[in-house]
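Observations on the three-dimensional arrangement
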Amino acid sequence: MIKKFFTFLLVSALCSLPVVNAQSAESVRVSLKKGLSANDLEMARVMPPGTSTAFCNAKDVKLLKGDGAYAWHLVRIPLQVAARAGSDKPMFVDELDVKVHVVVLGGKGADKPLLLTREITYVDIPLDPNANDDGTVVNVGVFLSPTDAMRICGPEVKMPDISKRLGAVAVTAKFKGSACNNTSATPGLVIARDLKDKLTGSWWKKEGVDTAGVTLKSIAETPFAPYYSPVFPATRPMYGAEFSPAAAGVSAMGTSTMPSDTGSVTNTDSTVTDTSTDTPTEVTEDSSSTGGKKKKGKKGKRNR
């Protein structure tokens, strides 16, 4: 009787495999949301969640005056994700590598375009099985920290607000290592009118352009990380992502400038020097309290 029971379970599991596999996308096509216009996109100014208030108001924490000291900026871009699993419409996409390209207008007069790029891996992306052939609308997004907002505006602007400085966006994607953008639609959209004649062709592919030290961040690297759903799919890693210069589009080999008066890119001779070190700092006791003699091993012994 027991043998028959386990045989039944095995047969049931094997029969269910095609159904389970069909829920996961086998092919994906990505494009900007159908009908998306420049008026639909913005750089939203957002404040950290209220749950952090208690910490920020602690007496031993020094704060800058004004909300602008804590304000982050978010660029949310809706995509159209069409997926198939054989002849069926799947329930989710296991993994999608997305590169978000954003042009931000830097400088005091917002006349210096900065091209920023960040690669983000989204996982377990839910799909609407009742969606039409255009696919499910899925949001992707990047954040700019308060410090980066200061870098964008420059030292002349004391309380930076970059919500009106979005110049252009583009999204390119890969599924299982292969490009999966819809080739019949452009992946980019120019927002600022002054840039429409300057950002032509595949402007998002320009390499080594000026970033002013600014890096885009995924939601996993912000105070908003626990609140990603239902606005965005989950990312990998979910929280506490280790900073990757390559993923953030930062090069240690130097920078070049995307000038505000022409669409071409000119190189500069500036270089970036890495002053960081991976060598740990050894902590020793103050010799003044021990008569000039170092105490070895006692501190570690107490901690054991």
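First things first, this report covers the structure right here in the doc. Model, not experiment: these values are computed from the prediction.

1. Here we look at the side chain of serine 163
Following the sequence through the fold, serine 163 ends up in the loop between helix H3 (146-153) and strand E7 (166-175). Within the structure, the side chain of serine 163 is placed 2.8 Å from the side chain of aspartate 161, a separation counted as a polar contact. Sequence-distant contacts of serine 163, defined by excluding residues within four places in its chain, comprise Met43 and His73.

2. Quick notes on the pattern of salt bridges
Counted according to the given criterion, the structure contains six salt bridges. Across the pair aspartate 210 and lysine 112 runs a salt bridge, and its minimum N-O distance is 2.8 Å. Linking aspartate 210 in the loop between strand E9 (188-190) and strand E10 (234-235) with lysine 112 in strand E5 (residues 112-126), this pair joins segments that are 98 residues apart in sequence. Overall, aspartate 210 belongs to the buried group, its relative accessible area being 9%. Each of Asp148, Arg151 and Lys217 takes part in a single network of salt bridges with overlapping partners.

3. Let's talk about the nonpolar core
In this structure, Val28, Ile77, Val93, Leu96 and Leu144 are the most contacted members of the largest nonpolar core, which totals 42 residues. Listing elements by their share of this core, those giving two or more residues are strand E1 (27-32), strand E3 (72-84), strand E4 (92-106), E5, strand E6 (136-144), H3 and E7. Not counting residues up to four positions away in its chain, the partners in contact with leucine 96 are Val28, Val30, Ile120, Thr121, Tyr122, Ile125, Ala173, Lys174, Phe175 and Cys180. Of all hydrophobic cores here, the second largest spans twelve residues; its members include Ala168, Ala170, Ala192 and Trp204.

4. Some words on the packing of aromatic side chains
Under the definition given, this model contains three aromatic pairs. Judged by centre distance (5.5 Å) and plane angle (20°), the rings of phenylalanine 143 and phenylalanine 224 are stacked. One end of the pair, phenylalanine 143, is in strand E6; the other, phenylalanine 224, is in the loop between E9 and E10, and 81 residues separate them in sequence. Summarising the burial analysis for this pair, phenylalanine 143 and phenylalanine 224 share the class buried. For the ring pair tryptophan 203 and tryptophan 204, a centre distance of 5.4 Å and an interplane angle of 80° mean the geometry is edge-to-face. Of the two residues examined, tryptophan 203 and tryptophan 204, each falls in the buried class. Clustering of aromatic rings is evident, with ring pairs tying together Trp72, Phe143 and Phe224.

5. A word on H3
The set of residues buried in H3 consists of Pro146, Asp148, Ala149, Ile152 and Cys153. On an axial view of H3, the arc spanned by its buried residues comes to 160°, and they lie on one face. Looking at the buried side of H3, the elements it contacts are E3, E4, E5 and E6. Once H3 finishes, glycine 154 follows within two positions and takes phi at roughly 95°, a positive value.

So, how was this worked out
Residues numbered from 1 in each chain as written. Predicted model: local features only at pLDDT ≥ 70, side-chain atom pairs only at ≥ 80, totals over all residues. Heavy atoms only, no water. Helix = DSSP H or I, 4+ residues; strand = E, 2+ residues; numbered from the N terminus. Polar contact = N/O pair within 3.5 Å; in protein donor to acceptor, adjacent residues only side chain to side chain. Contact = heavy atoms within 4.5 Å. Salt bridge = Lys/Arg side-chain N within 4 Å of Asp/Glu carboxyl O. Buried < 20%, exposed > 50% of the residue type's maximum accessible area, 1.4 Å probe, protein only. Core = buried A, V, L, I, M, F, W, Y, C linked by side-chain atoms within 4.5 Å. Phe/Tyr/Trp six-rings, centres within 6.5 Å; stacked < 30°, edge-to-face > 60°. Arc of directions from axis to C-beta.

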